[in-house]
Amino acid sequence: MKKALATFLCMALCVSALSGCGNEDSGTKEQSSQPQSEQGGQTEGASDDDSNVKPVGEYPIVEEPITLKIMGRKDPGAPDWDELELFKRLTEITNIQFEFEMLENSVFSEQKNIALVGGEYPDMIWRDDSAATTDEETYGPQGIFLELSDLIDRYAPNIKAMLEANPDVKAAITSLDGKIYGLPYVFTTATTQGHTGFFDSRWMENVGITKVPETTDELYEMLKAFKEQDANGNGDPNDEIPFTCVGLNTTMRDLLIPAFTGVPDGLSFNVKDGEVVYAPALPEYKEFLLYAHKLYEEGLLDPEFSSHTTQQWQAKMKSDMCGGYSGSPTGLDPDTTTTKQLSLPPLTSPTNSQKILKKPLYLYPGRAFITDKCENPEAAMRLLDMFYATEENAVSGFCGTTVFAGWEGEHWEYTDDTKTAYRWIEPVTGFGDINKTVSVNMELPGYLNFPAMPVGAPLMENKVEQVKEMQVPYYTASYPANARFTTEESERGNVIENDLYTQVVMMTTKFITGEESIDNFDAYLEALNHIGLPELIEIKKAALERWNEALK
Ligand SMILES: [Ca+2]
């Protein structure tokens, strides 16, 4: 069925594209467009619904200018969107004019709800806030937000390609009823790259180690050498902190626990062989605790790992006292850091032979809705599709990257053909300038895949290169962070999940420091069950089934 429909649509588009071309050649553009827009029911136009809209791929999007009314959330102090180059130029390219109702963060949520409940809302709502999925689940099934799948199929080849290439994005924006009501902002840039743990190559050389650790035992040996020798080379063999971190997040959660459990999120839910599992309740978690306790006992782990503040930790890092650290090299002092910072790869251990790392998905759902007030949903969808264009599919230089950084060659440029680095073009000196006059740098609807690094930032360059080599190849999906829960499921589930997390963090810290004996591991597991782990796993299973359905 789907195939037949697609073939039909393709034929319809091809036919209209051909006839459109013929019209242009005859030089009677105005004449040919008028009958079409008056007799919208005829099948010659771009669509059956609105013949003012040109076929996909042809610009301007509409023959006769139209106006789209958009309610949008803007950042405090940011200009109204009608002052931005972005929308002025989009009007030139598309023939679509904009009428914005701008609301700052502080009032957006309240005003949006008043508008939606009171029925006084515009054609579209852009850049929804943290309530986006709730809004989708509420106003989608009511018909206030249009269901978008069909419009995407017919008018949005960029969005369609993006969803086909990224089924997890499709699943993330699919509502509980299986439909899509909102479009996301999906982004990957050099600066959003994760980081599990780094150390200074000079330290490794100073203690005579020639190979980056790949197992938990090899990491232990390196940290031990950091402790016993003058790893920072200042003449004092006793002032080194072999490894430092703040609490259990980052390196513990993303690297050390997975090294033992074999699932990528060390402090949360994962899917192992199709089953939902909670990493801190796996038998292998005990092996992690024993290992981390050993590091603590032998002075290889910063004794203040659970008590110091981020500021105190940063000061230690910058003072060349720390070997391994659970942060990005970009947090180091760029003036004094001249040696290469190396990333730990995912580790294997006696209980796990798989190198795995949690795959990040940078996505804000609900960054654009088309409402039932919109008389031109086809044009609105074609417009939105432009925001999801890759650089290859840019229209008059406009694509997802343009929204992020402005026009290539005008506001910024690649430093060479490898496209690995970019620099700003005067008078633009950074994203602050872009946000003042050109665009809304983040969170508009769109797709951004921009791995280039800003020039003149060697630590950033160092990080991106290391992440690409040592981390990206091992990306593995954990339990989907964007899975959807019913109101009932999330009310109950959130309570249990928060209680579990609090318990796990407290007990894990005690096991590591020795305040709690590892002999009590079974009692710890019992306590997790008592809090409601089995019930939460059932809730997570139900949501995972819906997620897997939406992936298809
Ligand atoms: Ca020293």
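If you're wondering where the values come from, they're calculated on a predicted model, not measured in any experiment.

Time to look at the overall build of the protein. When helices and strands are counted, the protein shows 20 helices and 17 strands. Here the C-alpha atoms of the protein give a radius of gyration of 27 Å, agreeing with the 24 Å that 2.2 N^0.38 yields for 552 residues. Once the C-alpha set of the protein is aligned to its principal axes, its extents read approximately 85 × 55 × 45 Å. Considering the protein as a whole, with its 552 residues, one finds that 41% of them fall into the buried category. Long-range pairs, those at least 24 residues apart, make up 74% of the contacts in the protein between residues at least 6 apart in sequence.

Contact pair helix α18 (residues 487-513) / helix α19 (residues 521-531): the axes reach a minimum separation of 9 Å and the direction vectors enclose 165°. Here α18 lies roughly antiparallel to α19, going by the angle between them. The two elements α18 and α19 cross, and the hand of that crossing is right-handed. Residues Ile-496, Asp-499, Leu-500, Gln-503 and Met-507 of α18 pack against Tyr-524, Ala-527, Leu-528 and Ile-531 of α19. For the contact of α18 with α19, a count of residues per class yields seven nonpolar, one polar and one charged.

Turning our attention to the nonpolar core. The biggest cluster of nonpolar side chains holds 123 residues, and the ones touching the most others in it are Met-124, Leu-148, Phe-288, Ala-292, Leu-295, Ala-380 and Leu-384. Tallying contributions element by element places helix α12 (residues 283-297) first for this core, with seven residues.

What follows covers the sheet that holds strand β4 (residues 183-189). Reading across the sheet, the six strands line up as β2-β1-β3-β12-β4-β15 and stay open at both edges, with mixed pairing between neighbours. The open sheet has two edge strands, β2 (96-104) and β15 (446-450), and neither has a second partner. Recorded for the sheet is a direction-independent mean angle of 25° between the axes of neighbouring strands. Pairing geometry for β4 and strand β12 (residues 363-370), over three bridges, is antiparallel. Paired with Tyr-185 across the strands is Tyr-364, a residue of β12. Contacts from helix α4 (residues 105-118) reach β1 (66-74), β2 and β3 (124-126) within the one sheet, and its direction differs from that of β2 by about 115°.

Below, the discussion takes up the sheet that holds strand β16 (residues 453-454). Note on sheets: strands pair through backbone hydrogen bonds, and any given pair is parallel or antiparallel. Across the sheet, which stays open at both edges, the three strands sit in the order β13-β14-β16 with mixed pairing between neighbours. Single-partner strands in this sheet number two, and they are β13 (412-414) and β16. As paired strands, β13 and strand β14 (residues 421-424) are joined by three bridges and run antiparallel to one another. Bridged to Trp-412 within β14 is Trp-424.

Mapped onto the elements of the fold, Met-204 is located in helix α9 (residues 201-206). Look at Met-204 and you get buried, because 22 C-beta atoms sit within 10 Å. C-alpha of Met-204 to C-alpha of Thr-508: the two residues are 304 residues apart in sequence and 29 Å apart in space. Excluding its chain neighbours within four sequence positions, the residues that come into contact with Met-204 are Phe-199, Ile-209 and Met-222.

Next up on the list: helix α17 (residues 458-470). The terminal C-alpha atoms of α17 lie 18 Å apart, and with 13 residues this matches the ideal 18 Å at 1.5 Å per residue to within 8%. The inward-facing, buried residues of α17 abut β10 (341-343) and β16.

Turning next to the pairing of β14. Here β13 hands over to β14 after six residues, with Lys-419 in that stretch at a positive phi of 60°. The sheet contact formed by β14 and β16 spans two bridges and is parallel. In the strand pairing of β16, Tyr-422 is matched with Pro-454.

The next thing to look at is the confidence of the model for the protein. Summing up the model confidence of the protein, the mean pLDDT is 90 and the portion of residues at 70 or higher is 91%. Here residues 1-47 scores under 50 on pLDDT; set against residues more than four positions off or in separate chains, the count is 37 contacts.

Attention now goes to α18. Spanning 27 residues, α18 covers 39 Å between terminal C-alpha atoms, matching the ideal 39 Å at 1.5 Å per step. Along its length, α18 shows its largest kink, about 25°, at Gly-493. Taken as a whole, α18 has its buried residues at Gly-493, Glu-497, Leu-500, Val-504, Met-507, Thr-508, Phe-511 and Ile-512. Just beyond α18, the residue with positive phi is Gly-514, at close to 90°.

So, on to the environment of Thr-509. Within the secondary structure, Thr-509 sits in helix α18. Here the alpha-carbon distance between Thr-509 and Phe-305, two residues 204 residues apart in the chain, equals 9.3 Å.

Note that the residue after Tyr-59, namely Pro-60, is joined by a cis bond; omega there is 0°. As for its position among the elements, Pro-60 is in the loop between α2 (29-38) and β1. For the bond running from Glu-426 to Pro-427, omega is 5°, close enough to zero to count as cis. Positive phi, close to 60°, is recorded for Asp-320, a residue that is not glycine. For Asp-320, the position within the fold is in the loop between α13 (310-318) and β9 (322-325). The class for Asp-320 is buried, based on 20 C-beta atoms found within 10 Å. Positive phi outside glycine occurs at Ser-396, with the angle close to 50°. Along the chain, the position of Ser-396 falls in the loop between α14 (377-386) and α15 (400-405).

Note: β4 against β15, five bridges, orientation parallel. For Thr-189, the partnering residue across the bridge sits in β15 and is Phe-450.

Between helix α11 (residues 251-261) and α12, the shortest axis-to-axis distance is 7 Å and the interhelical angle comes to 130°. In terms of orientation, α11 lies oblique with respect to α12. Crossing geometry of α11 relative to α12 is assigned as right-handed. Along the contact surface, α11 presents Leu-256, Ile-257, Phe-260 and Thr-261, while α12 presents Glu-284, Tyr-285, Glu-287, Phe-288, Tyr-291 and Ala-292. When the residues that make up the contact of α11 with α12 are grouped by side-chain class, the tally is seven nonpolar, one polar and two charged.

The rules we used
- Each chain carries its own residue numbering, running from 1 in the written order of its sequence.
- Totals for whole chains, interfaces and linings use all residues, but because this is a predicted model, local features are given only for residues with pLDDT of at least 70 and pairs of side-chain atoms are given and counted only at 80 or more.
- Note on conventions: DSSP H or I runs of at least 4 residues are helices, E runs of at least 2 residues are strands, and numbering of each starts at the N terminus.
- All radius of gyration figures rest on C-alpha atoms, and the globule criterion is 2.2 Å times the number of residues raised to 0.38.
- Buried, partly exposed and exposed are defined by the number of other C-beta atoms within 10 Å of a residue's own C-beta, namely 20 or more, between the two limits, and 12 or fewer respectively, with C-beta atoms placed from the backbone.
- Here the contact rule is simple: place C-beta atoms from the backbone, and any two residues whose C-beta atoms are within 7 Å are in contact.
- Think of each axis as a best-fit line through the C-alpha atoms, taken over the contacting stretch in the case of a helix, with angles from 0 to 180 degrees between the N-to-C directions.
- In what follows, roughly perpendicular refers to angles from 65 to 115 degrees, roughly parallel to angles under 35, roughly antiparallel to angles over 145, and oblique to any angle outside these ranges.
- Each helix crossing is assigned a hand: it is left-handed if the near helix lies turned anticlockwise from the far helix by less than a right angle, otherwise right-handed if that turn is clockwise.
- Following the grouping adopted for this structure description, the nonpolar residues are Ala, Val, Leu, Ile, Met, Phe, Trp, Tyr, Cys and Pro, the charged ones are Asp, Glu, Lys and Arg, and the polar ones are all others, Gly among them.
- Here, a nonpolar core means buried Ala, Val, Leu, Ile, Met, Phe, Trp, Tyr and Cys residues linked by C-beta atoms lying within 7 Å of one another.
- Whether two strands pair depends on DSSP finding at least two bridges between them.
- Multiplying 1.5 Å by the residue count of a helix minus one yields the expected span of that helix.
- As a per-residue measure, pLDDT tells how confident the predictor is, with possible values from 0 to 100.
- For a residue, the bend is simply the angle between two axes, fitted respectively to the seven-residue segment ending there and the seven-residue segment starting there.

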